[in-house]
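Residue-level listing of the chains:
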Amino acid sequence: MIIVLKPTGSVTRLIQSCVFILNDSGFTYIEALISLSIAAFVMSLTPSILMQFENVHSPAVDFEVDFFMIDIAEAYEKSSEVRLDARTHSVVFTTGKGEVEYRKHGSRIIKSVEQNGYVTVMFGADDFKIEETAAHVHISVSGKGEGNDETAAFAK
């Protein structure tokens, strides 16, 4: 059984008036004028806002030493032995992948694994000192600028 409902006069007029309101598409001229004026106002403020950030200076921080210390700490965690190689003035970590060596070359500190190639782990190294005691290997690194000095001691 199918039931068909047919709206009567007042319901038809209500539906037609609602459809007319919902079928209104596009902007009126006044709406377009208001939206364009808001956009123009925001765009006019943009240069002055950007000029405020021009005067802000970030501190001159060099993260090279920090990244180097993270890398050498990871190598130490994976190592079974640490030693100083006096011939190449380098620190050598014996790991599962072989010997990982860190040494200074010019103003860089380079890392090599099993003497095969190298990777620069720090640029701008001013000083790289390695000292060996009976129980530890001490590393002292300084980079460019103030406050870029780090020292680490690795147990043998």
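To keep things clear, this report deals only with the structure shown in the data block. Every value quoted in this text rests on a predicted model; they were computed, and no experiment measured them. (Residues numbered from 1 in each chain as written. Predicted model: local features only at pLDDT ≥ 70, side-chain atom pairs only at ≥ 80, totals over all residues. Heavy atoms only, no water.)

### With respect to the environment of G143
Point 1. Mapped onto the elements, G143 comes out in strand β7 (residues 136-143).
Point 2. The exposure class assigned to G143 is buried, which follows from its relative accessible area of 3%.
Point 3. C-alpha separation for the pair G143 and M122, spaced 21 residues apart in sequence, amounts to 8.7 Å.
Point 4. Apart from the residues within four sequence positions on either side, G143 is in contact with V65, M122, G124, D126, N148 and D149. (Helix = DSSP H or I, 4+ residues; strand = E, 2+ residues; numbered from the N terminus. Buried < 20%, exposed > 50% of the residue type's maximum accessible area, 1.4 Å probe, protein only. Contact = heavy atoms within 4.5 Å.)

### Some words on the pattern of salt bridges
Point 1. Considering all chains together, one arrives at four salt bridges under this definition.
Point 2. R83 is the salt-bridge partner of E99, the closest N and O atoms lying 2.8 Å from each other. In this pair, E99 is assigned in strand β3 (residues 98-105) and R83 in strand β1 (residues 79-85), connecting sequence segments 16 residues apart.
Point 3. Judged by its relative accessible area of 25%, R83 is partly exposed.
Point 4. Note that E132 is salt-bridged to K156, the shortest N-O span being 2.6 Å. Of this pair, E132 sits in strand β6 (residues 125-132) while K156 is found in the segment after β8 (149-155), placing the two residues 24 residues apart along the sequence.
Point 5. A residue is classified by how much of its surface remains accessible, and E132, at 36% relative accessible area, is partly exposed. (Salt bridge = Lys/Arg side-chain N within 4 Å of Asp/Glu carboxyl O.)

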